[in-house]
Amino acid sequence: MKTIEWQYLIVSYLFLGGLSAGLYFVSALTELFRKDDDPAQEHIARIGALLAPWPVMLGCTLLVFDLGHWYRAYKLFLHFRWESPMSIGSWLLMLFIGISLLYAYGWVPRGGREHFYEKLPRRLRFLRMFNVDVAPWRRPLAIAGLPVSVGVAIYTGVLLGAVQSRPFWNTNLVAQLFLFSALSAGCAFLILVLAMRSREFEMYQFRSLYLLDVSFLTLEFFIVVPYFIHGELSVEAVRESLKLVLGGPFTVVFWVFFMGLGLVLPWAIEVREVAPLFLTHVQLLPRMRAATPTLAGASVSVVSELSAPTSAKKLHFSRGWAVAAAVLVLVGGVLVRYIFVFAGQMSAIR
Amino acid sequence: MATRTKRYALAIDAKKCIDCKACVVACRAENGVPVGKSRNWINEELHGDWPKLMAVFEPEQCHHCEDPACVRVCPTGASYQRPDGVVAINSSECVGCRYCMIACPYDARFFREDLGVVEKCDLCAHRLDRGELPACVETCPSKVRVFGDLNDPTSEIHQLLEKRQYRVKKHEAGTGPQIYYLL
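Residues numbered from 1 in each chain as written. Chains lettered and ligands numbered in written order. Predicted model: local features only at pLDDT ≥ 70, side-chain atom pairs only at ≥ 80, totals over all residues. Heavy atoms only, no water.

## Quick word on the overall build of chain A
Next up, step 1: Each helix and strand counted, chain A has 13 helices and zero strands in total.
Next up, step 2: Helices and strands appear in chain A in the N-to-C order α-α-α-α-α-α-α-α-α-α-α-α-α.
Next up, step 3: Out of the 350 residues in chain A, the part that is buried amounts to 53%.
Next up, step 4: Expressed as a percentage of contacts within chain A between residues at least 6 apart in sequence, the contacts between residues at least 24 apart total 80%.
Next up, step 5: As displayed, chain A offers around 16,300 Å² of accessible surface, 70% of which is attributable to carbon and sulfur atoms. (Helix = DSSP H or I, 4+ residues; strand = E, 2+ residues; numbered from the N terminus. Buried < 20%, exposed > 50% of the residue type's maximum accessible area, 1.4 Å probe, protein only. Contact = heavy atoms within 4.5 Å. Areas by Shrake-Rupley, 256 points an atom, 1.4 Å probe, with all protein chains shown as cover.)

## Quick notes on the nonpolar core
Next up, step 1: One finds Trp6(A), Phe168(A), Leu209(A), Phe254(A), Phe258(A), Phe340(A) and Tyr99(B) to be the most contacted residues of the largest nonpolar core, which totals 107 residues.
Next up, step 2: A per-element tally of this core places helix 7 (residues 172-197) of chain A first, with 17 residues.
Next up, step 3: Ignoring sequence-local partners within four residues, the contact set of Phe258(A) consists of Glu220(A), Val224(A), Val253(A), Leu263(A), Gly332(A), Leu335(A), Val336(A) and Ile339(A).
Next up, step 4: Leu10(B), Cys121(B), Cys136(B) and Phe147(B) belong to the second largest nonpolar core, which has 26 residues in total. (Core = buried A, V, L, I, M, F, W, Y, C linked by side-chain atoms within 4.5 Å.)

## Re the interface of chain A and chain B
Next up, step 1: Contacts between chain A and chain B engage 31 residues on the former and 36 residues on the latter.
Next up, step 2: Both sides together, the interface formed by chain A and chain B hides about 2,800 Å², and carbon and sulfur atoms give 52% of it.
Next up, step 3: If you look at where chain A meets chain B, you find four salt bridges.
Next up, step 4: Put simply, Glu5(A) and Arg98(B) hold a salt bridge, and the shortest N to O gap is 2.7 Å.
Next up, step 5: If you look at where chain A meets chain B, you find 26 residue pairs in polar contact (both at pLDDT 80 or more). (Buried area = accessible area lost by both parts, 1.4 Å probe. Salt bridge = Lys/Arg side-chain N within 4 Å of Asp/Glu carboxyl O. Polar contact = N/O pair within 3.5 Å; in protein donor to acceptor, adjacent residues only side chain to side chain.)

## Observations regarding the environment of Ala73(A)
Residues and elements named next belong to chain A.
Next up, step 1: Relative to the helices and strands, Ala-73 is located in the loop between helix 3 (53-66) and helix 4 (85-107).
Next up, step 2: Taking relative accessible area as the criterion, Ala-73 reaches 12% and is therefore assigned buried.
Next up, step 3: Spatially, the C-alpha atom of Ala-73 lies 43 Å from that of Arg-199, the residues being 126 residues apart in sequence.
Next up, step 4: Not counting residues up to four positions away in its chain, the partners in contact with Ala-73 are Val-64 and Leu-67.

## Description of helix 7 of chain A
All names here are of chain A.
Next up, step 1: For helix 7, built from 26 residues, the straight-helix expectation of 38 Å at 1.5 Å per residue is met to within 8% by its first-to-last C-alpha distance of 38 Å.
Next up, step 2: For helix 7, the buried fraction is high: 21 of the 26 residues fall into the buried class.
Next up, step 3: The distance from a side-chain oxygen at the start of helix 7 to the backbone nitrogen of Leu-173 is 3.0 Å, and the residue carrying that oxygen is Thr-171. (Expected span 1.5 Å × (residues − 1).)

## Some details on the pattern of salt bridges
Next up, step 1: In total, this model carries 30 salt bridges over all chains according to the counting rule given.
Next up, step 2: Residue Arg110(A) is joined to Glu114(A) by a salt bridge in which the shortest nitrogen-to-oxygen separation is 4.0 Å. Taken together, the residues span about one helical turn, with Arg110(A) and Glu114(A) both in helix 5 (residues 110-118) at a distance of four residues.
Next up, step 3: Ionic pairing is found between Lys21(B) and Asp19(B), a salt bridge with its closest N-O pair at 3.2 Å.
Next up, step 4: Taking the relative accessible area as the measure of exposure, Lys21(B) reaches 39% and is therefore partly exposed.

## A look at the sheet that holds strand 1 (residues 8-12) of chain B
Residues and elements named next belong to chain B.
Next up, step 1: With mixed pairing, four strands are arranged side by side in an open sheet as 8-1-10-9. Whereas interior strands pair on both sides, the edge strands pair on one side only; in this sheet they are strand 8 (145-149) and strand 9 (166-167).
Next up, step 2: Sitting on the sheet, helix 6 (residues 156-163) is in contact with strand 1, strand 8, strand 9 and strand 10 (179-182), with an inclination near 110 degrees to strand 8. (Pairing = 2+ DSSP bridges. Axes fitted to C-alpha atoms, helices over the stretch in contact; angles between N-to-C directions.)

## Topic: the packing of helix 3 of chain A against helix 4 of chain A
All names here are of chain A.
Next up, step 1: In contact at an axis separation of 9 Å, helix 3 and helix 4 are set at 150 degrees when each is read in the N-to-C sense. Judged by the angle between their axes, helix 3 and helix 4 are roughly antiparallel. Of the two possible hands of crossing, helix 3 and helix 4 adopt the one that is left-handed. Facing helix 3, whose interface residues are Pro-53, Trp-54, Val-56, Met-57, Cys-60 and Leu-63, helix 4 presents Leu-93, Phe-96, Ile-97, Ser-100, Leu-101 and Ala-104. (Parallel < 35°, antiparallel > 145°, perpendicular 65-115°, else oblique. Left-handed = near helix turned anticlockwise from the far one by under 90°.)

## What to know about the packing of aromatic side chains
All names here are of chain A.
Next up, step 1: Within this structure, the stated rule accounts for 27 aromatic pairs over all chains.
Next up, step 2: Judged by centre distance (5.7 Å) and plane angle (85 degrees), the ring pair of Trp-70 and Tyr-71 falls under edge-to-face.
Next up, step 3: Aromatic pair Tyr-338 and Phe-342: ring centres 5.0 Å apart, planes at 45 degrees, arrangement tilted. Of this pair, Tyr-338 and Phe-342 both sit in helix 13 (residues 319-346), four residues apart, roughly one helical turn.
Next up, step 4: For Tyr-338, a relative accessible area of 22% puts it in the partly exposed group. (Phe/Tyr/Trp six-rings, centres within 6.5 Å; stacked < 30°, edge-to-face > 60°.)

Honestly, that's just the spatial picture; any functional story needs more than this.
Following this line, the structure appears as structure tokens:
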């Protein structure tokens, strides 16, 4: 009997799991490559780390309630079956949640932590043994967690792709698509939070996030394209299944809402926002020529131009556009999972 | 698999099927299948144009694949394959994630909302263990179904498949289905 077994709880979980993985990835990457004298980079790493554990924990709760028996979820951890993506995934999720919580704890400001343990009621005083400073472990945790976060992001796609009876899913490209969609969702969520809350920084100080997101969205785009080319050159069952998004029930949501509004439009917005970083030599040329005749001098003036708050307006980087692009990316991330979960289950070998 | 001593399988002579659904009813009674769900079913296809019409009835159920996708994806090992080839479910280990339902190319599984577990045909494993035939095989009035051990050269199914041509469904799914439809 043909039924759609995995529905919105699974869609939400796939998105939230990917979002956490993306947040951790971006935070860890920033922590590993940031300069010590750049407070904005440290801020990105801190906010990413503090946000990362929660979406995946919420997602896992949703997963548990999707089971036939929520109270039997522990049975997933009495077995390890390497052939089952779900078994590997459950263990990977636990590992990831553990690492990301520890990493987040390492980013809690010292004062806040001390205050928390100070205020504990008498009966919970024993918890003070956890009042340790994990901050020196940030970098080792970032290194250890990077492959785990990539694993969590990829596995959500492998979970679907490893099913040979659903031709819509049965390609490695689904895992790659979910990976880059997850990483870009993490980036976008950080941009959103920073744009709405971190008023002490200018948006251009978060340009590394834009660059990462543009890269992830570009990669995502160039995975969707071969997904269709390869699918159309594949066996009949795959071609048949692609009709679900090429004239079938998911056509509009895929092409207009995911590809158009959730991928290409935010990509364009973000490219427009970061374009001055690459086009400065055009805009700044007259001033540079006036200031310094040498090439070395020109590059210095570009750098000072970038770090000077007065030039922020010329460099676009508006909070409004940042919020718009980030929201579109996040909506796209939900939609692509919705489309794949539902369309995949509707596809079959005839 | 070469090491199996037994390999239970089912041969179906669909031309004999009259769509009486006795097999479905027998299964329901034997295994307590709730109304609205089915461990076995009869596919109905109409061929030709009026007035020259032909109806083809083709019983189907779990194919007890040699390399079952459901067993592979099961995270707890609740879905398993017995040494005689029967693919069965250990309900007490099933968490109800329904990954197996999605992995099955034949959509042979269903979810029991009341019990929170997945169920499907297990060729009446409890009857096999008593030396009896599956309920659907025993009850079929037009002898559509032939059940037996493929590894036993004297069994009816072995001899039938030696003489008659047959096909399996969705061979390309690569799971090695063990319901043989006689041509």
